[in-house]
Amino acid sequence: HNSKEFVDISKMLQTTNSQDSSQNHSNSKASLKSNDASSDYGNIPGIIKQLLDVSLFADDPKTGLALINEVLIKPLTKQQSGTEGKIALMEEPIINQTIVLSINTFHLEVEFGLWDTVIENVDELMNLAFLETDIYNPYTTHYQATVGGYNKPLTITTLMRLK
């Protein structure tokens, strides 16, 4: 593929930290500056990425969980379901599908539905990687998260109907 067709994400998100690079990126007082390699894209994308890493995606040293849990996930899930870390999808089925299979005189109709779905412990995110660049392919990014840790596994319950 022609490299001019794709954004070089590794260059776009590159910044240098004026502190010692061996320190944990969770220190929010780190001073950021543009790296010469990011000049094609400016320094704003890299600074935004680093600010997100420091303020949301870094692990809280007290809990070992990602900071995003307290800042974003717990308040949003509490507003949605009334309980921190719980998503309740109760009003409408999340899947309601009819599948029809007809071969000559054989006719089969299957209805499949999932409803009253509850997902618990979504506020147990840790080991987050967001917009991490790939050293072998600068045009792709890597994402990773561990959900449901420290004796609180991610739990999904739902009702299923087959007809």
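Check the entry above for the structure.
Let me begin by describing the structure that accompanies this report. Please read all numbers here as calculations on a predicted model, not as lab measurements.

Rules of the game
- Residues numbered from 1 in each chain as written.
- Predicted model: local features only at pLDDT ≥ 70, side-chain atom pairs only at ≥ 80, totals over all residues.
- Heavy atoms only, no water.
- Core = buried A, V, L, I, M, F, W, Y, C linked by side-chain atoms within 4.5 Å.
- Buried < 20%, exposed > 50% of the residue type's maximum accessible area, 1.4 Å probe, protein only.
- Helix = DSSP H or I, 4+ residues; strand = E, 2+ residues; numbered from the N terminus.
- Contact = heavy atoms within 4.5 Å.
- Expected span 1.5 Å × (residues − 1).
- Bend = angle between axes of the 7 residues up to and from the residue.
- Phe/Tyr/Trp six-rings, centres within 6.5 Å; stacked < 30°, edge-to-face > 60°.

Details of the nonpolar core
Item 1. Leu-56, Phe-57, Ala-66, Ile-68, Ile-73, Ile-119, Val-122, Leu-125 and Leu-128 form the largest nonpolar core, which has 9 residues in total.
Item 2. At the level of elements, helix H2 (44-57), helix H3 (68-81) and strand S6 (125-134) are the ones that each hand at least two residues to this core.
Item 3. If near-sequence neighbours (up to four positions away) are discounted, Ile-68 is found in contact with Leu-56, Phe-57, Ile-73, Leu-125 and Leu-128.

Details of the environment of Asn-151
Item 1. Tracing the chain through its elements places Asn-151 in the loop between strand S7 (137-147) and strand S8 (155-162).
Item 2. The exposure class assigned to Asn-151 is exposed, which follows from its relative accessible area of 81%.

Quick look at H3
An α-helical segment advances 3.6 residues per turn. Residues three or four places apart therefore align on the same side.
Item 1. Taking 1.5 Å per residue as the helical rise, H3 with its 14 residues ought to reach 20 Å, and the 18 Å between its terminal C-alpha atoms agrees with that figure.
Item 2. Of all the bends in H3, the greatest reaches close to 30 degrees and is centred on Lys-74; the proline Pro-75 follows between one and four positions later.
Item 3. Regarding H3, the residues found buried are Ile-68, Asn-69, Ile-73, Lys-74 and Thr-77.
Item 4. On its buried face, H3 sits against H2, strand S3 (86-89) and S6.

What to know about H2
Item 1. Along its 14 residues, H2 runs 18 Å from first to last C-alpha, staying within 8% of the 20 Å computed at 1.5 Å per residue.
Item 2. Inspection of H2 places Gly-46, Ile-47, Lys-49, Gln-50, Asp-53, Val-54, Leu-56 and Phe-57 among the buried residues, and these make up the whole buried set.

Examining the packing of aromatic side chains
Item 1. According to the stated counting rule, one finds 3 aromatic pairs in the structure shown.
Item 2. Here Phe-6 and Tyr-139 contribute two aromatic rings whose centre-to-centre distance is 5.8 Å and whose plane-to-plane angle is 45 degrees, an arrangement assigned as tilted. Of this pair, Phe-6 sits in the segment before helix H1 (9-12) while Tyr-139 sits in strand S7, and the two are 133 residues apart along the sequence.
Item 3. The class for Phe-6 is partly exposed, based on a relative accessible area of 39%.
Item 4. Relative to Phe-130, the ring of Phe-57 lies with its centre 4.7 Å away and its plane at 35 degrees, an arrangement referred to as tilted. Of this pair, Phe-57 sits in helix H2 while Phe-130 sits in strand S6, and the two are 73 residues apart along the sequence.
Item 5. An aromatic cluster is present here, built from Phe-57, Phe-130 and Tyr-143 joined pairwise through their rings.

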